[in-house]
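Each chain, letter by letter, is given below.
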Amino acid sequence: MELYSMTGSQLAGLLAGRKASPQDIVSSLSRRAAAKEEQVRAYVRFEGGLESIPPEGGVEGKSPLSGLPVSIKDNICTRSFNTECCSRILSGYKPPYDATVVSRLKKAGASIISVKTNMDEFAFGSSTENSCFGPSRNPWDRRCVPGGSSGGSAAAVAADEAVFALGSDTGGSIRQPASFCGVVGLKPTYGRVSRYGLVAFASSLDQIGPITKDVRDSAMLLNVIAGYDPKDSTSVNEPVPDYTACLGRPVKGMRIGVPKEYMVEGIDPQVRESLLRALEEFRRLGAVCEEVSLPHTEFAVPVYYIIATAEASSNLARFDGVRYGFRAADAGGLHDMFSRTRGEGFGKEAKRRIILGTFALSHGYYDAYYLRALKVRTLIKEDFDKVFSGFDCIVTPTSPTPAFELGEKSGDPLKMYLSDICTISVNLAGIPAISLPCGFTGKGLPVGMQIMAGHFKEETIFKLAYAYEQAVSARERRRPEL
Amino acid sequence: MSDINDKVIEYTAKLARVKLESAELGELSPQIKGILDFIGKLEETDTGDIEPTSHILPVNNVFRADEPAQSLPVEDALSGAPRRRGRCFSVPKVIE
Amino acid sequence: MEYEAVIGLEVHVQLNTSTKAFCSCRVEFGMEPNTNVCPVCLGLPGALPVLNRDVLSCAVKVGLALGCSIQKRTKFDRKNYFYPDLPKGYQISQFDMPAALGGEVRIDTPGGEKAIRVKRVHMEEDAGKLMHEDDGSLVDLNRAGVPLLEIVTEPDINSPEEAYAYLTKLKSIVKYLGVSDCDMEKGSLRCDANISLRPKGESRLGTKAELKNMNSFKAVKDALFCEISRQTEILKEGGSVAQETRLWDARQSMTFSMRSKEEAHDYRYFPDPDLTIFLIGDDEIESARAAIPELPRQKAERFIGEFGVSSYEAGILTAEKSDADFAEECFRVFDAADKKPVVNFLIGPLLAEANSRGCGLRGLGITPSGLIELVLLVQKNIISNLVSKSVLKEMIDGKTTAEEIVKTRNLAQISDTSALDGIITRVLAENDKSVQDFRAGKSNAVMFLVGQVMRMSCGKANPKVVKELLERRLADA
């Protein structure tokens, strides 16, 4: 078995037994990427191989992630290495500082892969088709998108071009591509992982999280990146448990809610079938599954697109051509410089969202749009509070459909937005949720299921996800044909 | 929410300092109107006395102490500048 | 028709914290451009703000000192607009939940005391600095993120003098609190004014103009005078005042309409999701209240009661906290119940000298006990009042004491009658006309003779003794 095809925990075992070196692992990944990148395009500015950022400063203690490679999404700052959010407006930008998650990984001795993973520009999208570097491809079927916005991270892990990857999730950007690519993606509780150094899309919704080959790797990576950061006012000072410790614990008696609002029209029959089979598996494991209701689900997409675009319109105001990134050539006056820089520097979807968000905040519309959205957000959160008072987890499909084809939705933004319908409420409620593979369509595309739990209940999620993974892996584990 | 026309969208784009070519405006405008129509669904909700949620977790009073830390070296601060002059960022002349 | 001016002031006070409002960069003046900057205040992608604890405590202090109610729940909002000195494309400010609401500043007017209501006190961050060159503008972000308090009045001010008095009082209070040096020249206090006119007796407000670019209290007063006459003229001619921003040009003593910006403004305020809500408990408010030092008004009242100074004198002495402290020390060193001789020194020559140097009383290099030594020399008739002034001049900046100066320059008054007899004999002989006048009943003539004796003694003769001696000699003859 090649090193690149192993999980993080398997590789950690090899490192511990001195049967492989960190360099061996990076070299193996590099060879794999060199062979497959032309088909997958998971990385941006890829030039024939992968390298890790040379370690600097001290490594603190012995960490299970020591010597293991981590790939980073292009919107997470890596000091002195390109961080461009796959946008022309940030072309050539090399931040003078590391995101907190990156410094935590460096301290843990992880090897940070220096080229970044592809994404929709500023995380605006569900397919990576909005990247200024061009789309990534789904390793299971190259005609399909890998999902987005963290499509590059998910595709890299699925194609064995990465062991661990970081993504960011504002409305499903970790979970949806994980589900399209047949890998595991976790969006932690809002405030669990520092956002410092994550280029903000929607500050009240964004979280960084792991995209990995299995549940154990997800827990391993979360162990390192989670925790309070004094540089992020919204990170929460809650103790970080060892998330691998709960793996393997029994799930007998766990109460699982299945919201009826997620199982209605628009759900692909094969997705529905996969989910029903997964619920059967949970019952076999001794869990109790019952139908529940999240009555305000239908409002989640509109609420999300107001809040997320409003925050984004303000967060993206700093890209003005003054201090970094792209500036339009030969601009006349100051105003011309600003609007041409932004007009030429942002892609179509970014402009659409900036204008939408600016509108939602503008005079005369604020109450009708933004304020109303914040109120309905309260209702959505209360829906979850009610369910979690009687249930440990909520299980839903991650996406109503498996991976769609390139170009299938790129002409219709609203259709694209609606593909986030299963993941968006989680961000609005700030709760954690994982996506893990739960089957395949007839055409061999992976299907993902989503497990949600209450704030800071990542352990509950891991426990259930791991139990499921262990129970079905023998039957279901496959690799994409590349 | 029916009073949204091309003019409003053009004005909003100006407010956001995003220059749109007329073809672009022609494409974006109906899309944005479509999205806003869809968002109009929210009017169905009764939000009268509901508290708005701008922070999902009840985390309050996050401060730092008034203690100085190292600033960036000036070369790092200016390293990304599209244009600079000396130790400053340079922009087209601001007329007041 | 007679018009009344309606004026509201917006004052920005730069806080003297060690670090910026939302990052750990130092707040320093006169640094090389872009040296006190970091990812946060440069607005680099991914950087996040964290509030400096002292900024909120300063806001609470100022709010309490102005008699505001401190809000138990306060939050920050983003004020969105584009400008090259605004790195994030928005300013972190406070919109609908400011730190403090509803206070007042009491000012003295010719018609008596008047309360100017304070509408709100809120926290925000400063922008950077733009420098204009022929072919472009340069951006220095050292100032970006420096903490400010914005203090807004209700439109309660009705004249430029009242505006001036308000600013003076406000500055005095803020400086007492020690949260800002309020130096308009350094830009640590800035003031914009809203002004409209209305017919006297009318309660409805007229259209207002916003005045900017005034960099001294005097400039605020001048600009308001000028704007009042401009608006009066417009209204008298039946015109209407345009709602606009006008810039004060001190050189030409005129306000100019700021060319209307290319774009309409819509700041699109919304709660900053990067910062938490701040809850201020009653106990915190009470302990902040307890920590507020004695403010100018209370100090003046105490000076009147304790030291018997007049209300006018108390006002002058307590305007600056360091001066008030100096005066109080002087009063304590000076044993006598009547502090008048000390007050005369402080308010007269000392303050004049301090003002001309632009320093405080303490900046003159005289200690309270040193000053009292001088006062006592006059009290004990060792030197005259006249001589005391020149001794004081030497004491300032000099390292010597009053007694030493008097000794080395031999300035002690001559009260010894035998030493004065000779001079008096000479003066009487040389001023026969005055002697005749006195005898003819012009008692004033003796004063001229005293003056002559003083002159001949180089000011050292004790005038009281001289007068007695002269009167006795004139009566004898």
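Residues numbered from 1 in each chain as written. Chains lettered and ligands numbered in written order. Predicted model: local features only at pLDDT ≥ 70, side-chain atom pairs only at ≥ 80, totals over all residues. Heavy atoms only, no water.

Draft legend 1. Representation of the overall build of chain C in the model. Along the backbone of chain C there are 15 helices and 17 strands. Computed over C-alpha atoms, the radius of gyration of chain C comes to 30 Å, more than 25% over the 23 Å expected from 2.2 N^0.38 for 477 residues, which places it beyond the range of a compact globule. Overall, the C-alpha framework of chain C stretches about 95 × 55 × 50 Å when taken along its three principal axes. Counting contacts in chain C only where the partners sit at least 6 residues apart, residues at least 24 apart contribute 67% of the total. For chain C, the exposed area adds up to about 21,300 Å²; of that, 50% sits on carbon and sulfur atoms. (Helix = DSSP H or I, 4+ residues; strand = E, 2+ residues; numbered from the N terminus. Rg over C-alpha atoms; globule rule 2.2 N^0.38 Å. Contact = heavy atoms within 4.5 Å. Areas by Shrake-Rupley, 256 points an atom, 1.4 Å probe, with all protein chains shown as cover.)

Draft legend 2. Structural detail: the interface of chain B and chain C. Listed as interface residues are 34 residues of chain B and, on the opposing side, 54 residues of chain C. Buried surface at the junction of chain B and chain C, both sides included, amounts to about 3,900 Å², of which 56% is carbon and sulfur. Considering only the surface of chain B that becomes buried against chain C, F63, R64 and D66 of chain B emerge as the three largest contributors, covering 19% of it. For the interface between chain B and chain C, the tally reads three salt bridges. The tally of links between chain B and chain C comes to 24 residue pairs in polar contact (both at pLDDT 80 or more). (Buried area = accessible area lost by both parts, 1.4 Å probe. Salt bridge = Lys/Arg side-chain N within 4 Å of Asp/Glu carboxyl O. Polar contact = N/O pair within 3.5 Å; in protein donor to acceptor, adjacent residues only side chain to side chain.)

Draft legend 3. Here's a closer look at helix 10 (residues 348–361) of chain A. With 14 residues, helix 10 of chain A ought to run about 20 Å at 1.5 Å a step, and its terminal C-alpha atoms sit 20 Å apart, in line with that. Burial analysis of helix 10 of chain A places 13 of its 14 residues in the buried class, which makes it a mostly covered element. (Expected span 1.5 Å × (residues − 1). Buried < 20%, exposed > 50% of the residue type's maximum accessible area, 1.4 Å probe, protein only.)

Draft legend 4. Inspection of helix 1 (residues 8–16) of chain A at higher detail. All names here are of chain A. Burial in helix 1 covers these residues: G8, L11, L14 and L15. Axial view of helix 1: buried residues confined to an arc of 115 degrees, hence all on one face. In this structure, the buried side of helix 1 is in contact with helix 2 (22–40), strand 3 (164–169) and helix 6 (215–225). Just downstream of helix 1 lies R18, where phi reads positive at about 55 degrees. (Arc of directions from axis to C-beta.)

Draft legend 5. View of the nonpolar core. Membership of the largest hydrophobic core comes to 209 residues, with the highest contact counts inside it found for L105 and F282 of chain A. Those residues within four positions of F282 of chain A in sequence are excluded, and the remaining contacts are I256, A287, C289, V395, M449, I451, L464 and Y468 of chain A. Formed by 108 residues, the second largest nonpolar core is a distinct cluster that contains V55, I173, V309 and L374 of chain C. (Core = buried A, V, L, I, M, F, W, Y, C linked by side-chain atoms within 4.5 Å.)

Draft legend 6. Expanded view of the packing of helix 7 (residues 321–333) of chain C against helix 9 (residues 368–379) of chain C. All names here are of chain C. Their axes nearest at 9 Å, the elements helix 7 and helix 9 cross at an angle of 50 degrees. Classified by the angle between their axes, helix 7 and helix 9 sit oblique to one another. The interaxial crossing formed by helix 7 with helix 9 has right-handed handedness. Each of F326, E329, C330 and V333 in helix 7 lies in contact with helix 9, whose residues at this interface are P368, S369, L371 and I372. The class makeup of the residues in the contact of helix 7 with helix 9 is six nonpolar, one polar and one charged. (Axes fitted to C-alpha atoms, helices over the stretch in contact; angles between N-to-C directions. Parallel < 35°, antiparallel > 145°, perpendicular 65-115°, else oblique. Left-handed = near helix turned anticlockwise from the far one by under 90°. Nonpolar A, V, L, I, M, F, W, Y, C, P; charged D, E, K, R; others polar.)

Draft legend 7. Highlighting unusual backbone geometry. The omega angle of the peptide bond from G148 of chain A to S149 of chain A is 10 degrees, so this bond is cis rather than trans. Tracing the backbone shows S149 of chain A in the loop between strand 2 (111–112) and helix 4 (151–158). The phi dihedral of C85 of chain A is positive, around 50 degrees, even though this residue is not glycine. In this fold, C85 of chain A is placed in the loop between strand 1 (69–72) and helix 3 (100–107). Overall, C85 of chain A belongs to the buried group, its relative accessible area being 0%. Even without being glycine, N213 of chain C reaches a positive phi, approximately 70 degrees. Position of N213 of chain C relative to the elements: it lies in strand 13 (residues 209–214).

Draft legend 8. Quick peek at the packing of aromatic side chains. What the rule picks out here adds up to 32 aromatic pairs over all chains. Residues Y43 of chain A and F46 of chain A carry aromatic rings whose centres are separated by 6.4 Å and whose planes lie at 25 degrees to one another, so their mutual orientation is stacked. Owing to a relative accessible area of 21%, F46 of chain A belongs among the partly exposed residues under this scheme. Centroid distance Y365 of chain A to Y369 of chain A: 6.3 Å. Interplanar angle 55 degrees. Geometry classified as tilted. Each member of the pair, Y365 of chain A as well as Y369 of chain A, is classed as buried. One aromatic cluster is present, formed by Y93, F122, F124, F201, F319, Y324 and F346 of chain A through successive ring pairs. Positioned above the aromatic ring of Y267 of chain C, the side-chain terminus of K79 of chain C is 4.4 Å from the ring centre. The ring of Y164 of chain C carries K221 of chain C above its face, with NZ or CZ at 4.5 Å from the centroid. (Phe/Tyr/Trp six-rings, centres within 6.5 Å; stacked < 30°, edge-to-face > 60°. Lys NZ or Arg CZ within 6 Å of the ring centre and 35° of its normal.)

Draft legend 9. View of the sheet that holds strand 5 (residues 77–80) of chain C. Residues and elements named next belong to chain C. Strand order in the open sheet formed by three strands is 6-5-16, and the pairing between neighbours is antiparallel. Only two strands of the sheet have a single partner each, and these edge strands are strand 6 (90–93) and strand 16 (270–271). Bridging between strand 5 and strand 6 involves four bridges; their strand directions are antiparallel. For D77, the partnering residue across the bridge sits in strand 6 and is S93. (Pairing = 2+ DSSP bridges.)

Draft legend 10. A look at the confidence of the model for chain C. Per-residue confidence for chain C gives a mean pLDDT of 91, with 98% of residues at or over 70. Interface predicted TM-score (ipTM) for the complex: 0.96; the corresponding pTM is 0.92. (pLDDT = per-residue confidence, 0-100.)

Draft legend 11. A look at the interface of chain A and chain B. In this complex, chain A contributes 62 residues to the contact, which on the side of chain B involves 51 residues. Buried area between chain A and chain B, summed over both chains or domains, comes out near 5,100 Å², and the portion from carbon and sulfur atoms is 73%. Considering only the side of chain A, the residues that lose the most area to chain B are I355, R372 and K375 of chain A, jointly responsible for 12% of the buried surface there. Linking chain A to chain B there are three salt bridges. Across the pair E24 of chain B and K351 of chain A runs a salt bridge whose closest N-O atoms are separated by 2.4 Å. The interface formed by chain A and chain B includes 17 residue pairs in polar contact (both at pLDDT 80 or more). With twelve residues, helix 11 (residues 367–388) of chain A is the largest single contributor of residues to the side of chain A that touches chain B. Of the residues belonging to the side of chain A that touches chain B, the class tally is 34 nonpolar, 15 polar and 13 charged.

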